[in-house]
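Descriptive structure summary
If you want the building blocks of each chain, they are given just below.
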Amino acid sequence: MDTTAIFNGIYTANAEARASVRKGRQTIERAMVSGYELHRQNSGQGQYRNVDASIWYLLAEEGSVIDAGDIAEFKKSSSDEWIKFRVAGRKLTGTVVELIAESMYEE
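Starting afresh in each chain, residues are numbered from 1 along the sequence in its written order. The predicted origin of the model limits local features to residues at a pLDDT of at least 70 and limits the giving and counting of side-chain atom pairs to 80 or more, whereas totals for whole chains, interfaces and linings rest on all residues. Side-chain numbers here rest on the full set of heavy atoms in the structure, without hydrogens or water.

1. Here's the deal with the overall build of the chain
By the criteria applied, helices consist of DSSP H or I runs no shorter than four residues and strands consist of E runs no shorter than two, each listed in order from the N terminus. Tallying secondary structure elements over the chain gives one helix and seven strands in all. For the chain, the succession of helices and strands along the chain, N to C, is α-β-β-β-β-β-β-β. Within the chain, the proportion of its 107 residues that are buried is 36%. Of the contacts made within the chain by residues no fewer than 6 positions apart, 51% connect residues no fewer than 24 positions apart. Approximately 6100 Å² of the chain is accessible, and the part contributed by carbon and sulfur atoms is 47%. Working definition: with a 1.4 Å probe on protein chains only, accessible area under 20% of the residue-type maximum means buried, over 50% means exposed, and in between means partly exposed. The contact definition used throughout considers only heavy atoms, calling two residues in contact when any of these lie within 4.5 Å. All accessibility values rest on the Shrake-Rupley procedure with a 1.4 Å probe; residue burial counts only the protein chains present in the view.

2. A look at the side chain of Glu 73
Position of Glu 73 among the secondary structure elements: in strand E4 (residues 71-76). At 2.7 Å, the side chain of Glu 73 and the side chain of Arg 22 are in polar contact. Setting aside its immediate chain neighbours within four residues, Glu 73 contacts Ser 20, Val 21, Arg 22, Trp 82, Ile 83, Lys 84 and Phe 85. Any pair of nitrogen or oxygen atoms within 3.5 Å is treated as a polar contact; in protein, a donor-acceptor pairing is required on top of that, and neighbouring residues in sequence qualify only through side-chain atoms on both sides.

3. A closer look at the packing of aromatic side chains
Only Phe, Tyr and Trp rings take part, Trp by its six-membered ring, and two of them pair if their centres are within 6.5 Å. Stacked means planes under 30 degrees apart, edge-to-face means over 60, and tilted covers everything else. Following the criterion strictly, the structure yields two aromatic pairs and no others. Between Phe 7 and Tyr 11, the aromatic rings sit 6.0 Å apart at their centres with planes inclined by 20°, giving stacked as the arrangement. Residue Phe 7 and its partner Tyr 11 are both found in helix H1 (residues 3-13); the two are separated by four residues, about one turn of the helix. The class for Tyr 11 is buried, based on a relative accessible area of 12%.

4. Section: the nonpolar core
Nonpolar cores were defined as sets of buried Ala, Val, Leu, Ile, Met, Phe, Trp, Tyr and Cys residues, with membership established by side-chain atoms within 4.5 Å. In this structure, Val 21, Ile 55, Tyr 57, Phe 74, Phe 85 and Leu 99 are the most contacted members of the largest nonpolar core, which totals 18 residues. Contributing elements (two or more residues each) for this core: strand E1 (18-23), strand E2 (26-43), strand E3 (46-58), E4, strand E5 (83-93) and strand E6 (96-102). Considering every element that reaches this core, the biggest residue donor is E3, with four residues. With six residues, the next largest nonpolar core counts Tyr 11, Ala 17, Met 32 and Val 96 among its residues.

5. A few points about the environment of Ser 77
With respect to the secondary-structure elements, Ser 77 resides in the loop between E4 and E5. Under the relative-accessibility criterion, Ser 77 is labelled partly exposed at 44%. For the pair Ser 77 and Arg 18, spaced 59 residues apart in sequence, the C-alpha separation works out to 5.5 Å. In this structure, Ser 77 is in contact with Arg 18 and Ala 19, ignoring residues within four places of it in sequence.

Here it is as structure tokens:
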């Protein structure tokens, strides 16, 4: 299974899923996001944005590794807003990296 070709096919066919992801100075322009949901919630620890998303990109586009526990941001192609998230998990399938995003608490 050629995971690069599959990723490229889905990326080309699904404009709504297109996104960018960045960590520090590293930005990966060709990424996809799904399961994206964002809303504010209040808790005993403060207010936070509830982020629920999976983010995919090609391993070849990753300069330094984005790994579980890291803080990163993503932006849907249809938006100018960068959403901060904590990487809850990372999975590599062939040449495609999947990041599982979890919420960041706001002070």
